[in-house]
Amino acid sequence: VLFRSIKKMLGLLGLRDAPKSSVTLPTEYDFRKEHPNCVVPPENQDKCEAYYTITTSHVLSMRQCLKTNNLIRLSSQDGISCDTKSSQCNGSFINRHFNYLKTYGIVTDECFPFQSGNRQVPECPTQCVDSSIPFKKYKVENTSQIRGVQKIKEEIYNNGPVITSMSVYADL
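A. Focus on the overall build of the protein chain. Check the secondary structure of the protein chain and you find six helices and zero strands. Counted from the first residue to the last, the protein chain has its helices and strands arranged as α-α-α-α-α-α. The buried share among the 172 residues of the protein chain stands at 32%. Counting only contacts in the protein chain whose residues sit at least 6 apart along the sequence, the fraction spanning at least 24 positions is 70%. Carbon and sulfur atoms make up 50% of the accessible area of the protein chain, which amounts to about 12,200 Å² in all.

B. Geometry of the nonpolar core. In terms of nonpolar packing, the biggest core is built from 16 residues, with Cys 48, Ala 50, Leu 60, Ile 80, Phe 98 and Leu 101 touching the most fellow members. Elements with a minimum of two residues in this core: α3 (51–68), α4 (76–82) and α5 (94–103). Here this core gets four residues from one element, more than from any other, and that element is α5. When neighbours within four sequence positions are excluded, Cys 48 is seen to be in contact with Ile 80, Cys 89, Phe 114, Ser 116, Gly 117 and Arg 119.

C. Up close: the packing of α3 against α5. At a minimum axis distance of 9 Å, the contact between α3 and α5 shows a crossing angle of 55°. With respect to α5, the axis of α3 lies oblique. As for the relative orientation of α3 and α5, their crossing is right-handed in sense. Residue-level contacts link Tyr 52, Thr 53, Thr 56 and Leu 60 of α3 to Ile 94, His 97, Phe 98 and Leu 101 of α5. The residue makeup of the contact of α3 with α5, split by class, is five nonpolar, three polar and no charged.

What counts as what
Residues numbered from 1 in each chain as written. Predicted model: local features only at pLDDT ≥ 70, side-chain atom pairs only at ≥ 80, totals over all residues. Heavy atoms only, no water. Helix = DSSP H or I, 4+ residues; strand = E, 2+ residues; numbered from the N terminus. Buried < 20%, exposed > 50% of the residue type's maximum accessible area, 1.4 Å probe, protein only. Contact = heavy atoms within 4.5 Å. Areas by Shrake-Rupley, 256 points an atom, 1.4 Å probe, with all protein chains shown as cover. Core = buried A, V, L, I, M, F, W, Y, C linked by side-chain atoms within 4.5 Å. Axes fitted to C-alpha atoms, helices over the stretch in contact; angles between N-to-C directions. Parallel < 35°, antiparallel > 145°, perpendicular 65-115°, else oblique. Left-handed = near helix turned anticlockwise from the far one by under 90°. Nonpolar A, V, L, I, M, F, W, Y, C, P; charged D, E, K, R; others polar.

Okay, structure coming up:
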């Protein structure tokens, strides 16, 4: 079958162009400058390939701060030690990790700080490292996929950082 139009072909596949946005965005926007009290600094994962939990815990912390104006830094170590569907320091998939966050939640970084840089993974705790800190899990209620450059820009502008991933290959 020869298609005369890419739009017609995409329409037959059930794909549509993203609707035009009515939101007017600034020409420049830097979340770090607009919300400095909500920025979680980068975490050195060293030899532990835990991008799936570091990314999600940091972005969720910043998005929650944007809503409440109170930064509660969530634990990336919780995801490494407690998410049994992950491969701990050997990586995982962000969408699988979100299932863990919806079902079980994660504690704060103060409760269970990152300690797997050397690829040694402590057991999943049932209380905080400092027993005076309450052991409380924070769950994700829902997630969504955002497609298209304009929609991603709008999401960042309205709700804070987003999570994405990419494959990285070694040059041979």
